[in-house]
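Observations on the three-dimensional arrangement
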Amino acid sequence: MLGSGGVLDVLCAGYHLSPEFRDVYASHYAESISFIDAIVNDEIPDSLHEFYVSSLAINELFYAMKDELRSIILFNKGMPISRWRDARANPEIPEKCFRAIYNKTFQSFDTLLGEGRIHYITEGSAESDPEYWSIYAPLLFLTKDAKTQDATLLTTAIINRADYFVTKDEPLMKAAKKKLLDTYQMELIGPSRGLELLEQVTHR
């Protein structure tokens, strides 16, 4: 979304931010963008890996973009960072800006999901799997700072026997990585490690 999908370009153009700002901003997501590009640009031999994203993860994506837009608006207004979390400083999001982001996002979905390189997966539930609560509850209670969405996404990955769960949530990786690997043989990795694994496959 923030890379070739063009959402970041829309934000920077809409709020008259400099190319330098865009470059600094994009560099924060460079590893994630490279990882996704390697998947959607058909650089991975067929059948060696399968990639999935859940509906909840897509929902979180929209929230993350809302949060980024909010930060850009506050930055552009010269609002001190110390006040960014003050609810009274929470800015209104212009309808025009939302529509531009919305349209760009759905164009990106066509690229990400339209060619079948990345597939949707339904969140796990107690209805679909009898082991759901026995996985979900310990993750939520015993993983430091874990939130509802964290436990839901991890449980869904475990139920579907994922080998890897790619995330930029470093506190979550630190808190849960060893337990998930030891108990469920699922490894939490960042996008840079994901890219390394993909490159190993392509060079075989």
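See the structure above.
Keep in mind the model is a prediction, meaning the values are calculated, not measured.

**Considerations on helix α4 (residues 55-76)**
In a regular helix each residue adds 1.5 Å, so 22 residues correspond to 32 Å; α4 covers 32 Å between its end C-alpha atoms and thus fits that length. Taken together, the buried positions of α4 are Ile58, Met65, Leu69, Arg70, Ser71, Ile72, Ile73 and Leu74. Count one or two residues on from α4 and you reach glycine 78, which has phi positive near 75 degrees.

**A look at the packing of aromatic side chains**
Note on aromatic pairs: each is described by the distance of the centres and the angle between the planes. Applying the stated criterion across every chain yields a total of 9 aromatic pairs. Their ring planes at 35 degrees and their centres at 5.1 Å tell us that phenylalanine 21 and phenylalanine 75 sit as a pair that is tilted. With phenylalanine 21 in helix α2 (residues 19-28) and phenylalanine 75 in helix α4, the pair connects residues that are 54 residues apart, well separated along the chain. When its relative accessible area of 19% is taken as the criterion, phenylalanine 21 is described as buried. The partly exposed category is assigned to phenylalanine 75, whose relative accessible area is 43%. Seen from the ring of tyrosine 102, arginine 99 lies directly overhead, with NZ or CZ sitting 6.0 Å from the centre.

**Some details on unusual backbone geometry**
Among all residues save glycine, negative phi is the norm, and among peptide bonds the norm is trans. Even without being a glycine, aspartate 145 presents a positive backbone phi close to 65 degrees. Examined against the element boundaries, aspartate 145 turns out to sit in the loop between α6 (132-142) and α7 (148-159). Phi at glutamine 185 is positive, roughly 55 degrees, even though this residue is not glycine. Position of glutamine 185 among the secondary structure elements: in the loop between α8 (170-184) and β4 (187-189).

**Section: the side chain of threonine 155**
Position of threonine 155 among the secondary structure elements: in helix α7. Judged by relative accessible area, which is 0%, threonine 155 ranks as buried. Among residues more than four places away in sequence, those in contact with threonine 155 are Tyr132, Ile135, Tyr136 and Leu139.

Calculation notes
- Residues numbered from 1 in each chain as written.
- Predicted model: local features only at pLDDT ≥ 70, side-chain atom pairs only at ≥ 80, totals over all residues.
- Heavy atoms only, no water.
- Helix = DSSP H or I, 4+ residues; strand = E, 2+ residues; numbered from the N terminus.
- Expected span 1.5 Å × (residues − 1).
- Buried < 20%, exposed > 50% of the residue type's maximum accessible area, 1.4 Å probe, protein only.
- Phe/Tyr/Trp six-rings, centres within 6.5 Å; stacked < 30°, edge-to-face > 60°.
- Lys NZ or Arg CZ within 6 Å of the ring centre and 35° of its normal.
- Contact = heavy atoms within 4.5 Å.

Everything listed is a geometric property; what it means functionally is a separate question.
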